[in-house]
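Listed below, chain by chain, are the residues.
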There are 2 protein chains.
Amino acid sequence: MSAVSPVLERLDQNLDASLERLFELLKIKSISTDPHYADDCRRAAEWLVADLKAIGFDAGVRPTPGHAMVVAHHEGPAGSPHILFYGHYDVQPVDPLDLWESDPFAPAVREVEPGHKVITARGASDDKGQLMTFVEACRAWKAEHGNLPCRITLLFEGEEESGSPSLKPFLEANAEELKADFALVCDTDMWDRTTPSICTSLRGLVGEELVVKAANRDLHSGMYGGPAANPIRILANILADIHDETGRVTIPGFYEGVEETPSQVLKAWETLGQDARSFLGPIGLSEPAGEKGRSVLEMVWARPTAEFNGISGGYTGKGFKTVIAAEASAKVSFRLVHQQDPKKIRAAFRQFAAERVPADCKIEFHPHGGSPAIQLGYDSPFLTKARQALTDEWRKQAVTVGSGGSIPVVGDFRTYLGMESLLVGFGLADDRIHSPNEKYELNSFAKGQRSWARILEALAARG
Amino acid sequence: MSAVSPVLERLDQNLDASLERLFELLKIKSISTDPHYADDCRRAAEWLVADLKAIGFDAGVRPTPGHAMVVAHHEGPAGSPHILFYGHYDVQPVDPLDLWESDPFAPAVREVEPGHKVITARGASDDKGQLMTFVEACRAWKAEHGNLPCRITLLFEGEEESGSPSLKPFLEANAEELKADFALVCDTDMWDRTTPSICTSLRGLVGEELVVKAANRDLHSGMYGGPAANPIRILANILADIHDETGRVTIPGFYEGVEETPSQVLKAWETLGQDARSFLGPIGLSEPAGEKGRSVLEMVWARPTAEFNGISGGYTGKGFKTVIAAEASAKVSFRLVHQQDPKKIRAAFRQFAAERVPADCKIEFHPHGGSPAIQLGYDSPFLTKARQALTDEWRKQAVTVGSGGSIPVVGDFRTYLGMESLLVGFGLADDRIHSPNEKYELNSFAKGQRSWARILEALAARG
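Going by the annotation in an unreviewed UniProt entry, the name recorded for chain A is Peptidase M20 dimerisation domain-containing protein, with Manganibacter manganicus given as the source organism.

**Details of the overall build of chain A**
Scanning chain A for helices and strands turns up 15 helices and 18 strands. Scaling as 2.2 N^0.38, a compact globule of 463 residues should have a C-alpha radius of gyration of about 23 Å, and chain A matches this with 25 Å. For chain A, with 463 residues in total, the buried portion stands at 58%. For chain A, long-range pairs separated by at least 24 residues make up 79% of all intrachain contacts whose partners lie at least 6 apart in sequence. Element-wise, carbon and sulfur atoms account for 49% of the exposed surface of chain A, whose accessible area totals about 18,300 Å². Counting 49 positive and 64 negative side-chain charges, chain A places the centres of these two groups 2 Å from one another.

**Section: the side chain of Ser125(B)**
When you line up the elements, Ser125(B) lands in the loop between β5 (116–120) and α4 (128–145). When near neighbours in sequence (up to four residues on either side) are disregarded, Ser125(B) contacts Gln130(B), Gly427(B), Asp431(B), Ile433(B), Glu438(B), Lys439(B) and Tyr440(B).

**Quick word on the packing of aromatic side chains**
Within the structure shown, the criterion is met by 30 aromatic pairs over all chains. With centroids separated by 5.1 Å and ring planes inclined at 80°, the aromatic side chains of Trp269(A) and Trp301(A) adopt a geometry described as edge-to-face. Remark: Trp301(A) occurs in helix α11 (residues 296–302) and Trp269(A) occurs in helix α9 (residues 263–270); sequence separation between them is 32 residues. Considered together, Trp269(A) and Trp301(A) belong to a single accessibility category, that of buried residues. Centroid distance Phe426(B) to Trp452(B): 5.9 Å. Interplanar angle 90°. Geometry classified as edge-to-face. Pair noted here: Phe426(B) is in the loop between β17 (421–424) and β18 (439–441) and Trp452(B) is in helix α15 (residues 442–460), with a separation of 26 residues, a long-range link. Accessibility assignment for this pair places Phe426(B) and Trp452(B) in one class, buried. These aromatic residues form a ring-pair network of at least three members: Phe85(A), Phe134(A), Phe156(A), Trp394(A), Phe426(A) and Trp452(A). Positioned over the ring face of Tyr255(A) is Arg248(A), at 4.0 Å from the centre of the ring. Stacked on the ring of Phe352(B), the Lys or Arg Arg356(B) has its end atom at 3.7 Å from the ring centre.

**Quick word on the interface of chain A and chain B**
Chain A puts 73 residues into the contact, and the matching count from chain B is 73 residues. Summing both partners gives a buried area of about 5,600 Å² for chain A against chain B, and 60% of it is carried by carbon and sulfur. Linking chain A with chain B are zero salt bridges. Remark: the boundary between chain A and chain B carries 38 residue pairs in polar contact (both at pLDDT 80 or more). Residue contributions to the side of chain A that touches chain B peak at nine residues, all from strand β11 (residues 305–314) of chain A. Of the residues belonging to the side of chain A that touches chain B, the class tally is 32 nonpolar, 29 polar and 12 charged. Sheet analysis places β11(A) next to strand β11 (residues 305–314) of chain B, joined by five bridges and oriented antiparallel. Bridging from a neighbouring strand, Ile311(A) pairs with Gly313(B) of β11(B).

**Concerning the packing of helix α2 (residues 15–26) of chain A against helix α15 (residues 442–460) of chain A**
Helix-helix packing is characterised by the crossing angle of the two axes and by the distance between the axes. Residue and element names in this part refer to chain A. Interhelical geometry of α2 versus α15 gives an angle of 110° and a closest axis separation of 11 Å. With respect to α15, the element α2 is oriented roughly perpendicular. Our pair here, α2 against α15, has a crossing hand that is right-handed. Only Leu 442, Phe 445, Ala 446 and Gln 449 of α15 make contact with α2, whose side of the interface consists of Leu 15, Ser 18, Leu 19 and Leu 22.

**Observations regarding the environment of Leu52(B)**
All names here are of chain B. The residue Leu 52 is located in helix α3 (residues 38–55) in this model. Exposure remark for Leu 52: the relative accessible area of 0% places this residue in the buried category. In sequence terms Leu 52 and Glu 136 are 84 residues apart; their C-alpha atoms lie 9.9 Å from each other.

**Here we look at the pairing of strand β3 (residues 82–88) of chain B**
Residues and elements named next belong to chain B. In terms of burial, β3 is largely enclosed, as seven of its seven residues are buried. The two faces of β3 match: His 82, Leu 84, Tyr 86 and His 88 on one face and Ile 83, Phe 85 and Gly 87 on the other face are all buried. The pairing of β3 with strand β6 (residues 151–157) spans seven bridges and is parallel. Its bridge partner being in β6, Leu 84 is matched across the sheet by Thr 153.

**Things to note about the sheet that holds β5(B)**
Picture the strands of a sheet paired through backbone hydrogen bonds; they go either parallel or antiparallel. Residue and element names in this part refer to chain B. Here three strands make up an open sheet; going across it, the order is β4-β5-β18 and the pairing antiparallel. This sheet does not close on itself; its edge strands, each paired only once, are β4 (108–113) and β18. Direction aside, neighbouring strands of the sheet carry axes that sit 40° apart on average. Note: β5 against β18, three bridges, orientation antiparallel. Residue Thr 120 lies in a different strand from β18, and its bridge partner there is Lys 439.

**Overview of the packing of α2(A) against helix α3 (residues 38–55) of chain A**
All names here are of chain A. In the contact formed by α2 and α3, the axes pass within 10 Å of each other and the chain directions differ by 155°. Looking at the two axes, α2 sits roughly antiparallel to α3. Together, Arg 21, Glu 24 and Leu 25 of α2 and Ala 44, Trp 47, Leu 48 and Asp 51 of α3 make up the contact between the two elements. Here the residues of the contact of α2 with α3 are counted per class, giving four nonpolar, no polar and three charged.

**Looking at the relation of the copies chain A and chain B**
The transform that puts chain A on chain B rotates by 180° and translates by 0.1 Å along the axis, for an RMSD of 0.2 Å. The transformation relating the two chain copies, once decomposed into turn and shift, fits a two-fold axis. A share of 100% of interface residues in chain A that are also interface residues in chain B marks the association as one of identical surfaces.

**Observations concerning the pattern of salt bridges**
All names here are of chain A. Inspection of the entire model under this criterion finds 66 salt bridges over all chains. With a closest N to O distance of 2.5 Å, Lys 439 and Glu 441 form a salt bridge. Here the two residues Lys 439 and Glu 441 agree in accessibility, since each one is buried. Linked through salt bridges whose partners overlap, the residues forming this network are Arg 248, Glu 260, Glu 291, Arg 294, Glu 298 and Arg 303.

**So, the environment of Phe413(A)**
All names here are of chain A. In this structure, Phe 413 sits in helix α14 (residues 408–417). Judged by its relative accessible area of 0%, Phe 413 is buried. Through-space distance from the C-alpha of Phe 413 to that of Pro 77 is 24 Å; in sequence the pair is 336 residues apart. Leaving out residues up to four positions away in the same chain, Phe 413 has contacts with Leu 84, Tyr 86, Leu 155, Leu 171, Ala 183, Val 185, Gly 418, Met 419 and Ser 421.

**As for the nonpolar core**
Considering soluble globular proteins, one finds that nonpolar side chains tend to be buried as a cluster. Of all hydrophobic cores here, the largest spans 152 residues; its most connected members are Leu210(A), Phe334(A), Phe413(A), Leu210(B), Phe334(B) and Phe413(B). Not counting chain neighbours up to four residues away, the residues in contact with Phe334(A) comprise Gly204(A), Leu205(A), Val206(A), Ile251(A), Phe254(A), Thr305(A), Ala306(A), Ile345(A) and Phe349(A).

**So, helix α14 (residues 408–417) of chain B**
Within the sequence span of α14(B), burial applies to Val409(B), Val410(B), Gly411(B), Asp412(B), Phe413(B) and Leu417(B). Gly418(B) lies just past α14(B) and shows a positive phi near 60°.

**Thoughts on the environment of Ser164(B)**
All names here are of chain B. Along the chain, Ser 164 turns up in the loop between β6 and α5 (167–173). Each C-alpha atom, one on Ser 164 and one on Trp 301, is 24 Å from the other, the two residues being 137 residues apart in sequence. In this structure, Ser 164 is in contact with Glu 157 and Glu 159, ignoring residues within four places of it in sequence.

**So, the side chain of Glu159(B)**
By the element assignment, Glu159(B) lies in the loop between β6 and α5. Glu159(B) has contacts with Ser32(B), Thr64(B), Gly66(B), His67(B), Asp90(B), Ser164(B), Pro165(B) and Ser166(B), leaving out every residue within four places of it along the chain.

**Digging into the sheet that holds strand β4 (residues 108–113) of chain A**
Residues and elements named next belong to chain A. With respect to topology, three strands assemble into an open sheet ordered β4-β5-β18, the strand pairing being antiparallel. Edge strands, defined here as strands with exactly one partner in the open sheet, are β4 and β18 (439–441). Going from strand to strand, the sheet's axes swing by 40° on average, the running direction of each strand aside. Of the pairings in the sheet, the one linking β4 to strand β5 (residues 116–120) comprises five bridges and is antiparallel in character. Counterpart to Val 109 in the pairing with β5 is Ile 119. Packed onto the sheet, α15 meets β4, β5 and β18 and runs at close to 55° relative to β18.

Parameters at a glance
- Residues numbered from 1 in each chain as written.
- Chains lettered and ligands numbered in written order.
- Predicted model: local features only at pLDDT ≥ 70, side-chain atom pairs only at ≥ 80, totals over all residues.
- Heavy atoms only, no water.
- Helix = DSSP H or I, 4+ residues; strand = E, 2+ residues; numbered from the N terminus.
- Rg over C-alpha atoms; globule rule 2.2 N^0.38 Å.
- Buried < 20%, exposed > 50% of the residue type's maximum accessible area, 1.4 Å probe, protein only.
- Contact = heavy atoms within 4.5 Å.
- Areas by Shrake-Rupley, 256 points an atom, 1.4 Å probe, with all protein chains shown as cover.
- Lys, Arg positive; Asp, Glu negative; His and termini not counted.
- Charge placed at Lys NZ, Arg CZ, Asp CG, Glu CD.
- Phe/Tyr/Trp six-rings, centres within 6.5 Å; stacked < 30°, edge-to-face > 60°.
- Lys NZ or Arg CZ within 6 Å of the ring centre and 35° of its normal.
- Buried area = accessible area lost by both parts, 1.4 Å probe.
- Salt bridge = Lys/Arg side-chain N within 4 Å of Asp/Glu carboxyl O.
- Polar contact = N/O pair within 3.5 Å; in protein donor to acceptor, adjacent residues only side chain to side chain.
- Nonpolar A, V, L, I, M, F, W, Y, C, P; charged D, E, K, R; others polar.
- Pairing = 2+ DSSP bridges.
- Axes fitted to C-alpha atoms, helices over the stretch in contact; angles between N-to-C directions.
- Parallel < 35°, antiparallel > 145°, perpendicular 65-115°, else oblique.
- Left-handed = near helix turned anticlockwise from the far one by under 90°.
- Least-squares fit on C-alpha atoms with pLDDT ≥ 70 in both.
- Core = buried A, V, L, I, M, F, W, Y, C linked by side-chain atoms within 4.5 Å.

This is the structure we're talking about:
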């Protein structure tokens, strides 16, 4: 019998007790954006520290200029990997309160249909329920074996829902203490109700604002229309030139560092049953607008984009004014993958745009953030082990997915701790996080605990 | 001796008296946009009626829902043409008052340099000084000959500076009374200080607002960037396609009805000394943006355009949001010349734009006005006569110019009275109309009166 079997049995037996603990945490109104709830945030951190100490962690509330961090350590067997687990104990505000079917801070288990139970409360899914799956796995392992299979550090943040202002400085100041072999981040969803998933890639981002300036003042389009340069026309020409007819970005050098996704990965994505119809249907669209010949999942998870996030110029109020504006501006962003270099992309875009501005006009650029993509190797041993553990637990092949957006903490771990992350979570797309009536599947909570126990065992194994 | 000679002599002798009359009118604060000055507007209309009656006109104040019109009639010799003269007695507001070097309603003659005198007051140029040049010409002719050389109807509006809301209904209701052989409109400038001009063409206008709609809500550009259609990109593609690399509009059928300007007219424009440098320099530009191979004057006076007057979509505030907007919109206008049909242009543009919208997106159009161009034949006998009269008075060839914008009253005369207009005025570009320290050249006032006397004589002549 493997070491994990009795742990799984214990987790099953103690599910009610673990629910009671989760409910205690869910009752604390740790809304981080509202200063009115600062004491509640502190209480949530303290509750976690007490609970972790009860398990045997060396845990503490760690002050920051904002809400406190919770940091806890537990040794593992000699030679075992050192894992940092990340979650957050703060929650979103609950407005509009009248749309909630029950008190957001009075957690309950509800049977929504026969055999289908959910935990309802603010934070049930995002992220208290999720982080407690890992804590419970540690508790059961420790109770069963008197130790943990790996060396584990826990980091629970209290400002994730309010922009994480203290995270970077905290990581930088405590890098030695927090650096592990890799991180487990539990703040994401399963692929669907029955399919576990691991997210291994996040796209990077380069944001640019450009301002095209033509005449030294707004002009009357009757008096000047024809001879006078129109900055909206210049801007439209720049933006229209950025994509060719196949949806490919035309900026020279843009695809430098972009790798083709391995065919076996593409094939695995194909089996997920997500196509243009299912992806675009819910948002009222049907025709993929990205690069021709690529699936929607590849477009979002493994291909770079140029997107226009805002545009403004001339008269935009009601009615009409026959004005030729002095200037027009746009906000443009690029999602990056693989080894694309944010600095090179920004420079190439600026040159591309500047070349399209007539000699008597000007263009100004304002940078808005730049971060490279994150890509865990598809052949990482940690990934392989975690995927197998999830597959064993859910009796369905765990899938490796990407994320089209960024999850800042993953980039911060890489930047400040030199550490890659595996993103594993048990939320579902319909958990209504950030909305009224947030829920977490009871099944996610129970099998999430079991999944972590299996993952810990797998990661601890040599080779 | 011709009939006009003693009239010219009389005008010269009575210049001071004509200035006194103009000053009386300039002292009246007939600001039409501000209801506070409604009584002043009424007084200005009554002053004009009294003055016209003194000359011998059958004149009256004609109520409208807004400020009153002044209408006056005087018979002419049998067989002489019937001329409608148009001007306006209302003036612009005077804010900011502290930038005026003297009270805007205390008119004065100032010598700005030796021998160069100007009349300073709000309305001196726009349009009280201008309209009084014609009234004085009539007064002198009547005093000298006991009659006028043509049948003359005067129409003085009191709402020109506030959008002329009563003009169309008034023309429609009084079409029989007001319709003449043609109109003289005195509300424009000379080409320069020494060169008289007649404006014979005004561009038409078609305004369109287009709204491109993609997804059913704003999207996160990380989650959807790539597959999801971006309305700003679609809109930029539409706008960028409207012009080719030579500045020509590519909408099919756009140039239907556009005529090439006669080469002698183009040659005459070339002699005016206006080039790209002098036209664009003052607005900070140097490269003509219109159709290649055409002069700036041809671009503005005789060529149609497509202009983008406003554009809006996505996030346009400070900072950055990684949003893909649900919709984006633009305001587009077309300046028309010659026989271009506003309805056809609108329809062709809508088809052109709609063809560039992906099948799963939508486009909506909102019309904003449509009027054809106005073009007096370059060989009109009225034009030939008036041009010769101006040439005689100023001892310099009068030039035939166009206007890139529209002067609504000219279109209204055509629509409601079936009547073409000659636009003759003696303002200068530096008269600061609509600004503090408005002025009218004393020379414009004196030679303007003489010019009208000559024009009346010329128009009255047979053949």
